[in-house]
Amino acid sequence: MPIWGWFFIAAIVVVAVAGLIVATSAARRKRTERLKEQFGREYERTVAEAGEQNAAEKELVARERKRDKLDIRPLTLAALKGYADRWRAVQTAFVDSPASAVGDADRLVTEVMRERGYPIDDFDQRAADISVDHPTVVENYRAAHTIHVSQQNGDVGTEKQRQAFVHYRALFEKLLNDDGRPQDTDTAQE
């Protein structure tokens, strides 16, 4: 084969490799943008926690895949009414006993999650699962749970308890008001 033939083959290989690099880069950018849009601040938190963007994105994609395997279902009308009534009772009890009401709110949110089909055995996993469907309130959920745990280990002031209760309410309302499908555009900031 003449030398110009080898140059021609080398040029084709270089163009193919360059095309592959461009396509891979474009796919990564598209994935990054999709994950940023889907997860919002949870994306940034996961990147900071993982320490590296690619590892964080793999974690978020794994969360989505795990969530897709779950059988998340809407509540029946009777369950919806029952939970709403129980929430009002817990909210009313906050005035007289904030610490108890925060604990009750934590248990009620967990109970709703269980009935909806979320695994509830481990808090970190619950938060990861919730982050796929409700990325704007998962940060609130983590904050509320942290306050709840702190409250069990010592004295937490009423203002912190109020914040925890408000955070639990934001997730509680999301859990009651969606239809069980992942919500791509959960834009309201609670």
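Values in this document were obtained by computation on a predicted structure and should not be read as measured data. (Residues numbered from 1 in each chain as written. Predicted model: local features only at pLDDT ≥ 70, side-chain atom pairs only at ≥ 80, totals over all residues. Heavy atoms only, no water.)

Draft legend 1. Region of interest: the overall build of the chain. On a plain count of helices and strands, the chain comes out with 8 helices and 0 strands. Starting at the N terminus and ending at the C terminus, the chain contains elements arranged as α-α-α-α-α-α-α-α. Computed over the C-alpha atoms, the radius of gyration of the chain is 23 Å, more than 25% above the 16 Å expected from 2.2 N^0.38 for a compact globule of 190 residues. Based on the C-alpha atoms only, the size of the chain along its principal axes is roughly 90 × 35 × 30 Å. A burial count over the chain gives 40% of its 190 residues as buried. (Helix = DSSP H or I, 4+ residues; strand = E, 2+ residues; numbered from the N terminus. Rg over C-alpha atoms; globule rule 2.2 N^0.38 Å. Buried < 20%, exposed > 50% of the residue type's maximum accessible area, 1.4 Å probe, protein only.)

Draft legend 2. A look at the packing of helix H7 (residues 135-153) against helix H8 (residues 158-177). Close contact between H7 and H8 brings their axes to 8 Å; oriented N to C, the two are set at 140°. It follows from the interaxial angle that H7 and H8 lie oblique. Taken as a pair, H7 and H8 cross one another with a handedness that is left-handed. The residues of H8 that touch H7, namely those facing Thr136, Val137, Asn140, Tyr141, Ala143, Ala144, His145, Ile147, His148 and Gln151, are Lys160, Gln161, Gln163, Ala164, His167, Tyr168, Ala170, Leu171 and Lys174. Counted by class, the contact of H7 with H8 contains 9 nonpolar, 8 polar and 2 charged residues. (Axes fitted to C-alpha atoms, helices over the stretch in contact; angles between N-to-C directions. Parallel < 35°, antiparallel > 145°, perpendicular 65-115°, else oblique. Left-handed = near helix turned anticlockwise from the far one by under 90°. Contact = heavy atoms within 4.5 Å. Nonpolar A, V, L, I, M, F, W, Y, C, P; charged D, E, K, R; others polar.)

Draft legend 3. Highlighting the confidence of the model for the chain. Summing up the model confidence of the chain, the mean pLDDT is 87 and the portion of residues at 70 or higher is 94%. Confidence, read as mean pLDDT per element, is least for helix H1 (residues 3-39) in the chain (81) and greatest for helix H4 (residues 77-93) (96). Between residues 180-190, whose pLDDT stays under 50, and residues either more than four places distant or in other chains, the model counts 30 contacts. (pLDDT = per-residue confidence, 0-100.)

Draft legend 4. How the structure looks around the packing of aromatic side chains. This structure, assessed with the given rule, holds 5 aromatic pairs. Between the aromatic rings of Tyr141 and Tyr168, the centroid separation amounts to 6.3 Å while the plane-to-plane angle is 70°, which identifies the pairing as edge-to-face. On the criterion of sequence distance, the pair formed by Tyr141 in helix H7 and Tyr168 in helix H8 is long-range, its members being 27 residues apart. Here a set of aromatic residues connected by ring pairs shows up, and it is made of Trp87, Phe94, Phe165 and Phe172. (Phe/Tyr/Trp six-rings, centres within 6.5 Å; stacked < 30°, edge-to-face > 60°.)

Draft legend 5. Just the packing of helix H3 (residues 53-69) against helix H6 (residues 123-133), in detail. Where H3 contacts H6, the two axes come as close as 9 Å, and the packing angle between them is 85°. If you check the angle between H3 and H6, you find them roughly perpendicular. Contact residues: Arg63, Glu64, Lys66 and Arg67 in H3; Gln125, Ala128, Asp129, Ser131, Val132 and Asp133 in H6. Taken together, the residues that form the contact of H3 with H6 break down as 2 nonpolar, 2 polar and 6 charged.

Draft legend 6. The environment of Ala89, seen in detail. Here Ala89 shows up in helix H4. Placed 11 residues apart in sequence, Ala89 and Ser100 show a C-alpha to C-alpha distance of 12 Å.

Draft legend 7. How the structure looks around the nonpolar core. With 34 residues, the main nonpolar core has Tyr83, Val109, Met113, Tyr141, Tyr168, Phe172 and Leu175 as its most contacted residues. Within the residue set of this core, elements represented by two or more residues are H4, helix H5 (98-116), H6, H7 and H8. It is H8 that provides the largest number of residues to this core, a total of 8 residues. Excluding residues within four positions of it along the chain, Leu175 makes contact with Leu75, Val109, Val112, Met113, Arg116, Tyr118 and Ile130. Core analysis: the next-biggest nonpolar cluster, separate from the first, contains 8 residues, Leu35, Phe39, Tyr43 and Val61 among them. (Core = buried A, V, L, I, M, F, W, Y, C linked by side-chain atoms within 4.5 Å.)

Draft legend 8. Here's a closer look at H1. For H1, which comprises 37 residues, the first-to-last C-alpha distance of 54 Å matches the rise-based estimate of 54 Å (1.5 Å per residue) to within 8%. Looking at the buried side of H1, the elements it contacts are helix H2 (41-50), H3, H6 and H7. One or two residues past the end of H1 sits Gly40, with phi positive at roughly 55°. (Expected span 1.5 Å × (residues − 1).)

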